[in-house]
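# Chains, contacts and geometry: an overview
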Amino acid sequence: MTGALCRLFCCLLLAGAAVFPAAAGAAGYPFSVVVEAAAGGHRLLGINRGPAPVSVRLLLADVDNVRADALLPVYAVLPPHSQALLLQVGPAVAGRPHRFSSQALHTVGSYRAQPDQHFAYRLPFAPGHRAIVSQSHDGPRLTHDTPDSEYAIDFAMPAGTPVVAARDGVVIETEFANRAGGRDRRLLAKANVVRILHADGTIASYGHLAHAGIAPVAVGETLKSGTVIGGVGATGYSDGPHLHFVVQKVVGEGTGFTTVSLPVRFLIGNPPRAGSVAYRQLLHAGELGTGSAGRAAEGDARAASGRPEDRHRYR
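Now for a description of the structure that goes with this document. (Residues numbered from 1 in each chain as written. Predicted model: local features only at pLDDT ≥ 70, side-chain atom pairs only at ≥ 80, totals over all residues. Heavy atoms only, no water.)

## Considerations on the sheet that holds strand 10 (residues 120-121)
Spelled out, the test is: At least two DSSP bridges between two strands are required for those strands to pair. The secondary structure listing takes helices from DSSP runs of H or I that are at least 4 residues long and strands from runs of E that are at least 2 residues long, numbered from the N terminus.
Spatially, 10-23-24 is the arrangement adopted by the three strands of the open sheet, whose pairing is mixed. A single partner strand is all that each edge strand has here, and the edge strands are strand 10 and strand 24 (273-275). In the sheet, strand 23 (residues 265-268) pairs with strand 24 via three bridges, with the strands oriented antiparallel. Bridged to phenylalanine 266 within strand 24 is glycine 275.

Given below as structure tokens:
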């Protein structure tokens, strides 16, 4: 998911008490930055009303007679359902008006996440079903040609095959309203999807899901691995029924954030062993207990949340 850029234009007098909210992010994620009058100046608050952490980069521009209490830009991570002071500003010369504009760029996910590289996921389709790896990092990549999809895996399966959560987590996005699919680039943004946040801060996306009148899972719901989250479909830019599965994390950059995909290991075979899947490999999903997976990141048994992380300069 790309970041959202919000620009706040503020012509502020010390006597002013206005609040200037920033627009919500991409896909309507409930995050905003507000400017409030405070003693001797103004403060900029980040407010995260959603179920996922948010990375934010804040800077000032068009500055006149402004003193800030932190080096700019300010980088921060706001945990789910939290708010934090990002920056406090006041007049550099007391008694004179001060003016500034602010830019807040944010993206869903924590750039401070530390993925557990040893974690082994269960196969993301229901026991008793099988799939062929139709696209993966080690084979021809027809569409997985950007950093956010480099390690994505396509599992070719019949339409309607139950898709299950491959790891415990919290649902942070769902879309089941789309019906159309095909090799038409105008459909790139029309795939049904479920995104799940894991305890180590990584996020799994399950794409091209079938249309559903009633979503089988809800945003904010905590799931165990093995929970059915939808059915295989061909919605969006697709040449047939398959599941697009990718695990991603947010990375901080000097000018903001980007999202990258990560290599994934699965529990495969009988008895199951952790390993990577290969292009054209035929996979069978066996019985695993609910919540079964490889060595989890510390805290996987807890809800995927965290302590407030206030102002933090990226490095």
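Alright, that's what it looks like, and here's the rest.
## Points about the packing of aromatic side chains
Where we set the bar: Geometry of aromatic contacts follows a simple scheme: Phe, Tyr and Trp rings, the Trp one being its six-membered ring, pair when their centres are within 6.5 Å, and the pair is stacked under 30 degrees between planes, edge-to-face over 60, tilted otherwise. Relative accessibility under 20% of the residue-type maximum defines a buried residue, over 50% an exposed one, and the middle range a partly exposed one, all with a 1.4 Å probe and only protein chains included. Two limits define a charge over a ring: the Lys NZ or Arg CZ must be within 6 Å of the ring centre, and within 35 degrees of the ring normal.
Under the counting rule described, the total for this entry stands at nine aromatic pairs. For the pair tyrosine 111 and phenylalanine 257, a centre-to-centre distance of 5.6 Å together with 35 degrees between the ring planes defines the contact as tilted. Of this pair, tyrosine 111 sits in the loop between strand 9 (98-108) and strand 10 while phenylalanine 257 sits in strand 22 (residues 256-261); the two residues are 146 residues apart in sequence, bridging distant segments of the chain. A residue is classified by how much of its surface remains accessible, and tyrosine 111, at 10% relative accessible area, is buried. The ring centre of phenylalanine 119 lies 3.7 Å from the NZ or CZ of arginine 167, which sits over that ring. Stacked on the ring of tyrosine 279, the Lys or Arg arginine 280 has its end atom at 5.9 Å from the ring centre.

## With respect to the nonpolar core
The test is simple: By convention a nonpolar core is built from buried Ala, Val, Leu, Ile, Met, Phe, Trp, Tyr and Cys residues, the set being connected through side-chain atoms within 4.5 Å. Whether two residues are in contact is decided by their heavy atoms: any pair within 4.5 Å suffices.
Grouped together as the largest cluster of nonpolar side chains are 32 residues, with contacts concentrated most on Phe155, Tyr206, Ile229, Phe245 and Phe266. Mapped onto this core, the elements with two or more residues apiece are strand 11 (130-135), strand 12 (153-156), strand 16 (192-197), strand 17 (203-209) and strand 21 (242-253). Non-local contacts of phenylalanine 266, meaning those with residues more than four positions away in its chain, are made with Ala120, Tyr121, Arg122, Leu123, Pro124, Ile153, Phe155, Phe245, Arg273, Ala274, Gly275 and Val277. In this structure, Val33, Ala84, Leu87 and Val108 belong to the second largest nonpolar core, which totals 24 residues.

## Concerning the side chain of asparagine 48
With respect to the element layout, asparagine 48 can be found in strand 4 (residues 41-48). For asparagine 48, the residues in contact, after removing those within four places along its chain, are Tyr29, Pro30, Phe31, Pro53, Val54, Leu78, Pro79, Pro80, His81 and Ser82.

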